[in-house]
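# Residue-level structural notes
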Amino acid sequence: MLDKLTASVLAAVNAQTDGSYKVLEEGEILAALPPRIHTDGEGLANALRYLSERGYIDIRYSDKGTYCVCSLPKGRTYDEAAGAEKHRGKRTFRNQMLLTFFAALLGAFAGGCLAGVLFLLIR
């Protein structure tokens with residue numbers, strides 16, 4: 001499982017390379033990251049090195065903020081699976097909320113009916 005920075009860097013590399021080697025500047029990759037991810041050149045270099053060591057991307061060379069990178073199948077698969085998991089998580093949450101709402105509604109109805117029956121029996 002990747003943290004937010006490395007997952008964002010992987011998504012940026014996947015979006016810009018399409019499975020072939022491409023020379024990317026540090027600024028290009030940093031600009032492709034979401035605004036909530038704050039990092040510098042050193043953090044980017046560490047994230048790229050981490051992804052390369054784990055087999056998500058291949059770095060052909062890196063030199064002073066210039067990287068020749070390629071996304072590998074493992075990296076593209078992770079990115080696709082993360083997107084599908086995020087979508088499925090939203091659907092699951094919505095389904096749980098609907099189930100909870102209708103279960104509470106059914107419980108309130110059953111409680112009301114029981115209270116009405118008890119009221120008629122006591123009266």
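First things first, this report covers the structure right here in the doc. Being a predicted model, the structure only gives us computed values, none of them experimental.

## Topic: the overall build of the protein
Broken down by element type, the protein carries four helices and three strands. In the protein, the succession of α and β elements from N to C terminus is α-β-α-α-β-β-α. The principal-axis extents of the C-alpha atoms in the protein amount to approximately 90 × 25 × 20 Å. Pairs at least 24 residues apart make up 59% of the contacts formed inside the protein by residues separated by at least 6 positions. A gap of 14 Å separates the mean positions of the 15 positive and 13 negative side-chain charges of the protein.

## Concerning helix α3 (residues 41–53)
Here α3 spans 18 Å end to end across 13 residues, near enough to the 18 Å set by a 1.5 Å rise per residue. Taken residue by residue, α3 has G41, G43, L44, A47, L48 and L51 as its buried positions. Around the axis of α3, the buried residues are gathered within 160° of arc, so they sit on the same side. Among the exposed residues of α3, those oriented more than 90 degrees off its buried face are E42 and E53.

Criteria and thresholds
Every residue gets a number counted from 1 within its own chain, in the order that chain's sequence is written. Local features are withheld for residues below a pLDDT of 70 in this predicted model, meaning they are given only at 70 or higher, and side-chain atom pairs are given and counted only at 80 or more; totals for whole chains, interfaces and linings count all residues. No hydrogens and no water enter the side-chain calculation; it runs on all heavy atoms of the structure. For the purposes of this entry, the term helix denotes a DSSP run of H or I that reaches at least four residues, the term strand denotes a run of E that reaches at least two, and both are numbered from the N terminus. Any two residues having at least one pair of non-hydrogen atoms within 4.5 Å are treated as being in contact. Lys and Arg are tallied as positive, Asp and Glu as negative. Neither His nor the chain termini are counted. Think of each charge as sitting on NZ of Lys, CZ of Arg, CG of Asp or CD of Glu. The length a helix should cover is 1.5 Å for every residue beyond the first. Partly exposed describes any residue whose relative accessible area lies between the buried limit of under 20% and the exposed limit of over 50%, with all areas from a 1.4 Å probe on protein chains only and scaled to the type maximum. The arc in question is traced by the directions running from the helix axis to the C-beta atoms.

Purely spatial values, then, with no claim about function.
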